[in-house]
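A look at the structure
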Amino acid sequence: MTTLYNGHEILEIMEEAKNYNHMLEDFIQSHGQGSLWLDFGAGNGHFANALAKSKTKNKARIHCLETDPQMQKKLRQSGFTVYESSENLPPHYDFIYSINVLEHIAEHESIAKKLISLLKPGGRLLIYVPAFPSLFSPLDQKIGHHRRYKRKTLLPLFTELKTLRCEYVDSIGYFASFYLKYFAHDDKPLSKNLVSFYDHWIFPLSRRLDPLSRPYFGKNLFYVGEKPQVIPPAK
């Protein structure tokens, strides 16, 4: 299925968030395992490219799932194996990561089941999504978000997995999101200068405060789950 993504401009703006993107790259690398990974909703290929260049990736091959034709072309030009639909994916991944994707999918329950089915026994799934419905803003609506999550709405999607981590991220960003919701201009709530300023001056402080706020609030929600090993039948 071909889907046009309406957040290309936001992806370009978020390239300015160097510290934020490095945090996500570290999250992925620290939980990644095995030799075959899937970037589910790879977008413009930022994370796939960063991981492919990393010396700590242990030579894992990265497949990309992306429904937008423009993004698919970029990913193929970068040398990745690209799938246009989840129906065509091979069900044997050691690790799947999905960064700010699940909130764009109306039927997220069926996609969650699909992601679980694509994992090998012992495989891991990493999900990163925007948090708290109370922060839902015109920006969310503009870029095609259907929802924001809390722990109690994300965890039920992955009951078949063993939860390794589920915590909130970017504590100060939680309050910055209230500013974007109520005071930013609807036509252009984000700019490269604003993102760069937050990323350089405020986000490092937010990360230092995150250990205190992790169980309670943050701009985003971070989840890692592991698929149980198959238990052999009793003889």
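Check the entry above for the structure.
The written sequence of each chain sets the order in which its residues are numbered from 1. Thresholds applied to this predicted model are a pLDDT of at least 70 for local features of residues and 80 or more for the giving and counting of side-chain atom pairs; totals over whole chains, interfaces and linings are not thresholded and use all residues. In computing side-chain properties, one takes all heavy atoms of the structure into account and sets aside hydrogens as well as water.

1. Concerning the overall build of the protein
Runs of E in the DSSP output that reach at least two residues are strands. Runs of H or I that reach at least four are helices, and both are numbered from the N terminus. Secondary structure summary: the protein contains nine helices and seven strands in total. Relative to the globule expectation of 18 Å for 235 residues, the C-alpha radius of gyration of the protein, 18 Å, shows essentially globular dimensions. The dimensions of the protein, computed from C-alpha atoms along their principal axes, are 65 × 40 × 35 Å. Exposure classes here rest on a 1.4 Å probe applied to the protein chains alone. A residue is buried below 20% of its type maximum, exposed above 50%, and partly exposed in between. Of all 235 residues assigned to the protein, the portion counted as buried reaches 48%. Once local pairs closer than 6 in sequence are excluded, the contacts in the protein between residues at least 24 apart make up 79%. In the form shown here, the protein has an accessible surface area of approximately 12200 Å², with 56% of it arising from carbon and sulfur atoms. The quantity called the radius of gyration is restricted to C-alpha atoms. Its globule counterpart is 2.2 Å times the number of residues to the power 0.38. In this description, contact between two residues means that some pair of their heavy atoms is separated by no more than 4.5 Å. Calculation of accessible area relied on Shrake-Rupley with a 1.4 Å probe; when residues are assessed, cover is drawn exclusively from the protein chains displayed.

2. Some thoughts on helix H3 (residues 46–53)
All buried positions along H3 are accounted for by His-46, Phe-47, Ala-48 and Leu-51. Buried residues belonging to H3 abut helix H2 (18–31), strand E1 (36–40), strand E2 (61–65) and strand E4 (93–99).

3. Structural notes on the pattern of salt bridges
A carboxyl oxygen of Asp or Glu within 4 Å of a side-chain nitrogen of Lys or Arg is what we treat as a salt bridge. If you walk through the whole model with that rule in mind, you get eight salt bridges. The partner of Arg-207 in a salt bridge is Asp-210, and the shortest N-O contact between them spans 2.7 Å. Of this pair, Arg-207 and Asp-210 both sit in helix H9 (residues 192–213), three residues apart, which is roughly one turn of the helix. Residues participating in the shared-partner salt-bridge network are Arg-165, Glu-167 and Arg-214.

4. Regarding unusual backbone geometry
The phi angle at Phe-132 is positive, at roughly 70°, despite the residue not being glycine. Mapping Phe-132 onto the fold places it in the loop between strand E5 (119–130) and helix H6 (138–142). Phi is positive for Asp-170, close to 70°, though the residue is something other than glycine. Taking relative accessible area as the criterion, Asp-170 reaches 0% and is therefore assigned buried.

5. As for the packing of H2 against H3
Each axis is a line fitted through C-alpha atoms, taken for helices only over the stretch in contact, and angles between the N-to-C directions span 0 to 180 degrees. Interaxial distance between H2 and H3 falls to 11 Å at its minimum, and their mutual angle equals 65°. In terms of crossing hand, the pair formed by H2 and H3 is right-handed. Here Asn-21, Leu-24, Glu-25, Ile-28 and Gln-29 of H2 lie close against H3, whose contacting residues are His-46, Phe-47, Ala-50 and Leu-51. Any residue that is not Ala, Val, Leu, Ile, Met, Phe, Trp, Tyr, Cys, Pro, Asp, Glu, Lys or Arg is counted as polar, Gly included; the first ten are nonpolar and the last four charged. Grouping the constituent residues of the contact of H2 with H3 by class yields five nonpolar, three polar and one charged. Note on convention: the crossing is left-handed when the near helix lies turned anticlockwise from the far helix by less than a right angle, right-handed when the turn is clockwise.

6. A look at the nonpolar core
Only buried Ala, Val, Leu, Ile, Met, Phe, Trp, Tyr and Cys residues count toward a nonpolar core, and they belong to the same one when joined by side-chain atoms within 4.5 Å. The biggest cluster of nonpolar side chains holds 35 residues, and the ones touching the most others in it are Ile-28, Tyr-97, Leu-126 and Tyr-128. Those elements that provide at least two residues to this core are helix H1 (8–14), H2, H3, E2, E4, E5, H9 and strand E7 (220–226). Here the element with the most residues in this core is H2; it accounts for five residues. By size, the runner-up hydrophobic cluster in this structure holds 33 residues, among which are Leu-38, Leu-102, Leu-135 and Leu-221.

7. Points about the sheet that holds E2
Spatially, seven strands are ordered E3-E2-E1-E4-E5-E7-E6 in an open sheet, and the strand pairing comes out mixed. Two strands bound the open sheet, and with one partner strand each, they are strand E3 (81–83) and strand E6 (162–169). With direction set aside, neighbouring strand axes in the sheet form an average angle of 15°. Pairing between strands requires that DSSP locate at least two bridges from one strand to the other. Relative to E5, E4 is paired through six bridges, and the arrangement is parallel. The partner of Tyr-93 across the bridge, within E5, is Leu-119.

8. Comments concerning the packing of aromatic side chains
Centres within 6.5 Å make a pair out of two Phe, Tyr or Trp rings, where for Trp the six-membered ring is used; the pair is then stacked when the planes are under 30 degrees apart, edge-to-face when over 60, and tilted otherwise. Applying the stated criterion across every chain yields a total of 14 aromatic pairs. Judged by centre distance (5.1 Å) and plane angle (20°), the rings of Phe-158 and Tyr-223 are stacked. Note that Phe-158 is positioned in the loop between helix H7 (151–154) and E6 and Tyr-223 in strand E7, a separation of 65 residues in sequence. Comparing Phe-158 with Tyr-223, the two get one shared label, buried. Plain terms: the ring middles of Phe-178 and Tyr-182 are 6.3 Å apart, the flat faces sit at 5° to each other, and that makes the pair stacked. Highlighted residues: Phe-178 and Tyr-182, both in helix H8 (residues 171–182), separated by four residues, approximately one helical turn. Judged by its relative accessible area of 53%, Tyr-182 falls in the exposed class. Counting every residue linked through ring pairs, the aromatic cluster contains Phe-132, Tyr-168, Tyr-174, Phe-175, Phe-178, Tyr-182 and Phe-217.

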